[in-house]
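# Overview (structure and organization)
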Amino acid sequence: MSSEKSGSPKRKTIIEPFKIKMVEPLPMTTREQRQEILKAAGYNLFTVAAKNVTFDFLTDSGTTAMSAKQWAAMMVADESYAGSQSFERFDKAVKNVTGYNFVIPTHQGRAAERLLFSVLVKSGHKVPSNNHFDTTRANIEFMNAEAADLVIEEGKDPQNTHPFKGNIDLKKLESFCREYQGKIPCGMLTITNNTGGGQPVSLENIKGCSEIYHKYNIPFIIDVCRFAENAFFIKDREPGQKNRSIKDIVAEIFSYADGCMMSAKKDGMVNIGGFIALKESKWVDQLRNMLILTEGFPTYGGLAARDLEALAVGLEEAMDENYLSYRIAVSKYMAQGLNKAGIPTLQPPGGHAVYIDAKAFLPHIPPEQFPGQALVCELYLSEGIRACEIGSVMFGAKKDGKFIPSKMELVRLAFPRRVYTQSHFDYILEGMADIVARKNELKGLKMTYEPPFLRHFTARFELL
Ligand SMILES: *Cc1c(COP(=O)(O)O)cnc(C)c1O
């Protein structure tokens, strides 16, 4: 993976900054077998068994390979119901990273969202952000409030190469806060901006956002699922930040906010877990009471103590600069490789994923025949890859019997942390030439079964 940011400045190749002591066989299938599997699954990769997937790029959430140190920590976990030593270690680790005083464990990100919004948000409220992630938006809307997306215009343009496409539009934010004074229980910012393609937010923008929220007395809560990846982008791309350590940048990010929510299944480097952390005590009692009602006692919050141990170690590992430069090089390397093969992607590549522009790649397949899904199927047939369609299967709609396509037809390849190696990626890129050579033969699909909601999970298709 070529980058001038490698551990040794003279080398072009970035190596995996780890060695492997526990392995899992890679499921291998033939094209003929995959053809049968795909047909039986109704051409929907969500219903293909993982044992039949060679490269699983469905999500980076909870798919991290844990380190020897994390597994070792799990073995000494203290599974006491109340006041366990594992909670003490977890609590200390979160306080260390965030600088906040109050830590509430949850089983994953959406549990943190539900708790916080059920305490803060009332009917008719408005919560601004750059882009709310799906579950964040859903939990705000569940309280009969509005989730407002105020990302900069550059963040909406797939080919714009702005270095911080996750930035919030500070002008729009200021007028939003002025207009809805008294109706905004908290203001948010998602780093990196997952919904906008894993795009980072600059330090300057985080600071500006904080100043506006505080001018209007609005508590600032950051969604920090990918705080370490965001900090690496700041170091790499923001003027004046090159010589700072990731930890230093991370500390500055957290210093601007009043609290945070995290799905630790991302930069927590674990398979399950999350938390809320807050500077001040104001909502803590209420949150803990809610936690006890639905998640568990405040010193485990729906997790096993061993999960808390793994997370305490994972938060530190996520900030390792060798790890981060390898991590960010993966999506960059894959995007460059795909582009070189003739497959267009959203620019610039995000931290955790690459988004293929299926509409541009397969112009002969109209949106109502799902070009994204056609490519998802081809990636599986040719390469054994499981990718995720983010287009008209996920977001298309019907109105008065008429098909309304999604704005974009994307295919997301999300990369699990520390799971696949450079040769896996090279192998995949090698196979892309075949797909490009045969792209005009690829056919669209017809949806033959459609469930009433979240149809992409269980819909079935037939080849046209
Ligand atoms: C994954 C994610 C969440 C939700 O977390 P879960 O652990 O999946 O419940 C919230 N916000 C962002 C930005 C995410 O990426």
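Now for a look at the structure at hand. All values reported here derive from a predicted model rather than from experimental measurement. The numbering scheme is per chain: residues are counted from 1 as the chain's sequence reads. Per-residue local features of the predicted model are confined to residues with pLDDT of at least 70, and side-chain atom pairs are confined, for both listing and counting, to 80 or more; whole-chain, interface and lining totals are unaffected and use all residues. Each side-chain value is worked out from all heavy atoms of the structure, with water and hydrogens disregarded.

### Observations concerning the packing of aromatic side chains
For Phe, Tyr and Trp, where Trp contributes only its six-membered ring, two rings pair if their centres lie within 6.5 Å, and the inter-plane angle classes them as stacked under 30 degrees, edge-to-face over 60, or tilted in between. Taken as a whole and assessed by the stated rule, the structure comprises 20 aromatic pairs. Where F370 meets F403, the ring centres are 6.2 Å apart and the plane angle is 80 degrees; that geometry is what we call edge-to-face. Of this pair, F370 sits in the loop between α13 (358–361) and α14 (371–383) while F403 sits in strand β13 (residues 402–404), placing them 33 residues apart in sequence. Through successive ring pairs, a cluster of aromatic residues spans F55, F57, F415, Y420, F425 and Y427. Only lysine NZ and arginine CZ atoms are considered, and such an atom sits over a ring when it is within 6 Å of the ring centre and within 35 degrees of the ring normal. The aromatic ring of Y180 is capped on one face by K126, whose charged end is 4.5 Å from the ring centroid. The ring of F133 carries K266 above its face, with NZ or CZ at 5.5 Å from the centroid. Helix and strand labels come from DSSP, where a helix needs a run of H or I of at least four residues and a strand needs a run of E of at least two; each type is numbered from the N terminus.

### Notes on the sheet that holds strand β9 (residues 353–357)
Here a strand pair is declared whenever DSSP counts at least two bridges between the two strands. Judged by pairing direction, the sheet is antiparallel, and its three strands sit side by side in the order β9-β14-β11 without closing on themselves. Among the strands making up the open sheet, the edge pair consists of β9 and β11 (388–390). Strand-to-strand twist of the sheet, defined as the mean angle between neighbouring strand axes without regard to direction, takes the value 30 degrees. Relative to strand β14 (residues 410–414), β9 runs antiparallel, the two sharing five bridges. The residue of β14 that forms the bridge with I356 is V411. Any pair of residues with heavy atoms lying within 4.5 Å of one another is described as a contacting pair. For helices, the fitted axis covers only the stretch in contact; all axes are lines through C-alpha atoms, and the angles between them, taken along N-to-C directions, range from 0 to 180 degrees. The sheet contacts of helix α12 (residues 321–341) involve β9 and β14, and relative to β9 the element is tilted by about 20 degrees. Along the sheet, α14 contacts β9, β11 and β14; its crossing angle with β14, the most-contacted strand, is approximately 40 degrees.

### Overview of the packing of helix α8 (residues 227–237) against α12
Where α8 meets α12, the axes come as close as 10 Å, and the angle between the chain directions of the two elements is 85 degrees. The orientation of α8 with respect to α12, classified from their angle, is roughly perpendicular. From α8, A228, E229, F232, F233 and K235 reach across to α12, where they touch E321, L324, S325, R327 and I328. Class assignment of the residues belonging to the contact of α8 with α12 gives a composition of five nonpolar, one polar and four charged. An angle below 35 degrees is treated as roughly parallel, one above 145 as roughly antiparallel, one from 65 to 115 as roughly perpendicular, and anything else as oblique. Residues are grouped as follows: nonpolar covers Ala, Val, Leu, Ile, Met, Phe, Trp, Tyr, Cys and Pro; charged covers Asp, Glu, Lys and Arg; every other residue, Gly included, is treated as polar.

### Structural notes on the side chain of K266
Checked against the element boundaries, K266 lands in the loop between β7 (259–263) and β8 (274–278). Although K266 is buried, it forms no salt bridge, and the closest oppositely charged side chain is D60 at an N-O distance of 5.9 Å. Residues within four places of K266 in sequence aside, it is in contact with D60, S61, T64, C225, R226 and R417. Using a 1.4 Å probe on the protein chains alone, a residue whose accessible area is under 20% of its type maximum counts as buried, one over 50% counts as exposed, and one in between counts as partly exposed. A positive count includes Lys and Arg, and a negative count includes Asp and Glu. His and the chain ends are not counted in either. Here, a salt bridge means any Lys or Arg side-chain nitrogen found within 4 Å of an Asp or Glu carboxyl oxygen.

### A closer look at helix α16 (residues 422–437)
Here, expected helix span is obtained from the residue count minus one, scaled by 1.5 Å. An ideal rise of 1.5 Å per residue puts 22 Å on 16 residues; α16 measures up with 24 Å between its terminal C-alpha atoms. Buried residues of α16: Q422, H424, F425, I428, L429, G431, M432 and I435, and no others. Against β1 (55–56), α12, α13, α14 and β10 (385–386) lie the buried residues of α16.

Keep in mind these values describe shape, not function.
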